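Structural overview for review
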Amino acid sequence: MTTALAEAELAPLDAAREILRRTFGHQAFRGLQEDVIAEVLAGRNALAVLPTGGGKSLCYQIPALVQPGLGLVVSPLIALMTDQVAGLVQSGVAAARLDSNIDLDERAHTWRRIERGELDLLYISPEGLMQPSMLDRLSRTPLSLIAIDEAHCVSQWGHDFRPEYRMLGRLADIFPGVPRLAVTATADARTRDDIRAELRLEDGREFVASFARPELILSAERKRGNLEKRIVELVTARPDRSGVVYAGSRDKTESLAEALRGAGVPAVAYHAGLEKSVRARRLEEFLEADAAVMVATIAFGMGVDKPDVRFVIHADPPSAIEAYWQEIGRAGRDGDPAEGITLYGAADMVWALRRIAERDMDEVAKQGQAKKVRQLYAMLDGVGCRAASVRRYFGEEGVEACGQCDLCLGTVETTDATVPAQKALSAAHRLNGRFGRGRLVDHLLGKTKEPSDWETSLSTWGVGQELSAQQWRELTEQLLFEGLLREDPNDGRPLVGVGDADAVRAVFRGERRIAMRKASGRESERRPRKRGRETAPDLGEADRALFEALRTWRTAEAKSQHVPPYVIFHDRTLAEIAAAKPALRAALERINSVGEAKLAHYGEAVLKVVGGFAA
Ligand code: ADP
Ligand code: ZN
């Protein structure tokens, strides 16, 4: 807090507040921003862990503007850099990027600006930065700070490991005395330790924000029946909104997008296999649309900051809770309610574990990643508040239930299924890992076609009359999630056997009870739709017309500049303008996110649109 700061640090912090207001148009710092900024302004290293949408970028952008010299921002993806630089330029900040897409002329121009001390922020990739010639040039340039964005990429415990991030530890020696700030949305303690060690931030303070995202309404369901049909159902139940559907493979993104288009949804596919120009065009289409659906592999998204994404649907589950929170977190960045819906199955878990086992990695790291997979499925298939599970996973304490996820709304009822579980485990044990799940269920029901004498002689033959085939399928799936059953992929014809011996014994002894979900319908539709408001929050009929007019103006302006509309103004800002109806520049300036540069560029045009509605 400011009172604890030395006298000398007060002045830069005042300057920081001034820049927040004048350049970025925000009234006050949020959450830990001020603390992190004060630390960097005092010349110290730090690690800041803020949730997606928590305002990480201002933590380094503002100190770079306050202090003399160039601020370096290391970022893993070009899309991320492009968006941030475009946004900064709109706000009148001298920012540029140097990446493989920048041509020689522009490169030379950027270097001239650096040499003349005209540039405040330079975005660069880790491999670009660590080139000897680049380091040499930069070592002759006064630097204000080095920010390392998405810092979890340095950790092989993380879910986004990028070997080239490992080189960044050397920055400590190459630029001694330049404060280094690592920022990420990944908070788990082990990854944090790794970031500090690898990036040589041992002496730096750690700032960890709350991971609450109260605007996100979470739900998850086991995959059942035809996946494509289910996705179409989910998306068409949410018409006229922007959304992202994540799928596990390139082919699947294409086929899902096609199915959605067939149902009248403006959907496009996006994955790393597309030609660069196609990808860029589809991304642009999505970003500029008021309502569009992007069906993508995880190659899409990092750094895509479309604020009005109203839902993220995982057609295939993410890789870990970190990835879950990051991917779901792309919804609702404007702070308005948004949904995260995840489809998952035991087969997905088995496949994920298998992939880890096959990876060329040391054993300890493999175990760490396998544990992350299990923790993800424990959350997805669990019965406690989803948001609370995630926040606890990230190490938050005293977390309360969100009150709005499917599990909080109490749509999942459970019954005691310890005895059926004992039967299933016992049968799996007797069948000795020789058959798949379907056969296990048939065996329990005594329905195996042409059973052998051996099978009918087993004591578990036909003992499962109390449950239907569907219920047995669900129970065996749950036992897989809990590690009580285990599946051997067996080249696509998985065989089921008993899992962890101690845990299975505990179930046999009745020490561990099994609560099974009661057969439930699809939760995602049954939810009361009171939160299903559209992009513009809380606007009356009259204000809505003005809001739409402002959007029309913004679309035209964005087109003429070839930038996404939200780098000009967010929906949320336009909604605030529509509600406040400023008649004068001074009133417009008071609206959140309207900084000096935007006022200068767009003030007149916006006031004119508002004026048209004044009569
Ligand atoms: P992330 O942490 O995901 O990188 P960003 O830095 O992109 O988040 O910020 C998310 C959004 O929050 C942006 O639209 C930004 O303008 C807004 N924002 C950041 N700080 C503030 C603040 N102090 N007051 C109001 N809005 C803010
Ligand atoms: Zn909840």
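Heads up: these notes are all about the structure in this document. (Residues numbered from 1 in each chain as written. Chains lettered and ligands numbered in written order. Predicted model: local features only at pLDDT ≥ 70, side-chain atom pairs only at ≥ 80, totals over all residues. Heavy atoms only, no water.)

1. Thoughts on the site of ligand 1
Lining the immediate environment of ligand 1, one finds 17 residues, of which Ala-28, Gly-53, Lys-56, Ser-57 and Arg-333 sit closest. Contacts to ligand 1 include Arg-333, whose side-chain N or O atom sits 2.5 Å from an oxygen atom. Taking 570 Å² as the accessible area of ligand 1 by itself, protein coverage stands at 83%. Here the element with the most residues in the shell around ligand 1 is helix H3 (residues 56-66); it accounts for three residues. Split into classes, the residues belonging to the shell around ligand 1 amount to four nonpolar, nine polar and four charged. (Near = heavy atom within 4 Å. Polar contact = N/O pair within 3.5 Å; in protein donor to acceptor, adjacent residues only side chain to side chain. Areas by Shrake-Rupley, 256 points an atom, 1.4 Å probe, with all protein chains shown as cover. Helix = DSSP H or I, 4+ residues; strand = E, 2+ residues; numbered from the N terminus. Nonpolar A, V, L, I, M, F, W, Y, C, P; charged D, E, K, R; others polar.)

2. Concerning the coordination of the zinc ion (ligand 2)
Coordination of the zinc ion (ligand 2) by the protein comes from Cys-385 (SG), Cys-402 (SG), Cys-405 (SG) and Cys-408 (SG), over a distance range of 2.3 to 2.4 Å. Classification of the site at the zinc ion (ligand 2) rests on its four donor atoms, whose angles at the metal span 100 to 118 degrees, yielding the label tetrahedral. Donor residues for the zinc ion (ligand 2), ordered by position in the chain, follow C-x16-C-x2-C-x2-C. Cys-405 sits in the buried class, given a relative accessible area of 0%. (Donors = N, O, S within 2.8 Å, 3.2 Å for Na, K, Ca; no water. Tetrahedral: all angles 85-135°; square planar, octahedral: opposite > 155°, others 65-115°. Buried < 20%, exposed > 50% of the residue type's maximum accessible area, 1.4 Å probe, protein only.)

3. Things to note about the pairing of strand E11 (residues 293-296)
Residue alternation in E11 divides its side chains into two sets, Val-293 and Val-295 and Met-294 and Ala-296, and both sets are buried. Sheet analysis places strand E10 (residues 267-270) next to E11, joined by four bridges and oriented parallel. Along E11, the bridge assignment pairs Tyr-270 with Ala-296. A crossover connection joins E10 to the parallel E11 through helix H12 (residues 276-288); in handedness this β-α-β unit is right-handed. (Pairing = 2+ DSSP bridges. Right-handed = clockwise from strand over helix to strand, strands pointing away.)

4. A short note on the pairing of strand E15 (residues 485-488)
Only one face of E15 is buried: it carries Leu-485 and Glu-487, and the other face, with Arg-486 and Asp-488, is open. Direction of pairing for E15 relative to strand E16 (residues 495-498): antiparallel, over a ladder of four bridges. Residue pairing across strands places Asp-488 opposite Leu-495, the latter belonging to E16. Counting the residues that bridge the hairpin from E15 to E16 gives six residues, and of these Asn-490 lies at a positive phi of roughly 45 degrees.

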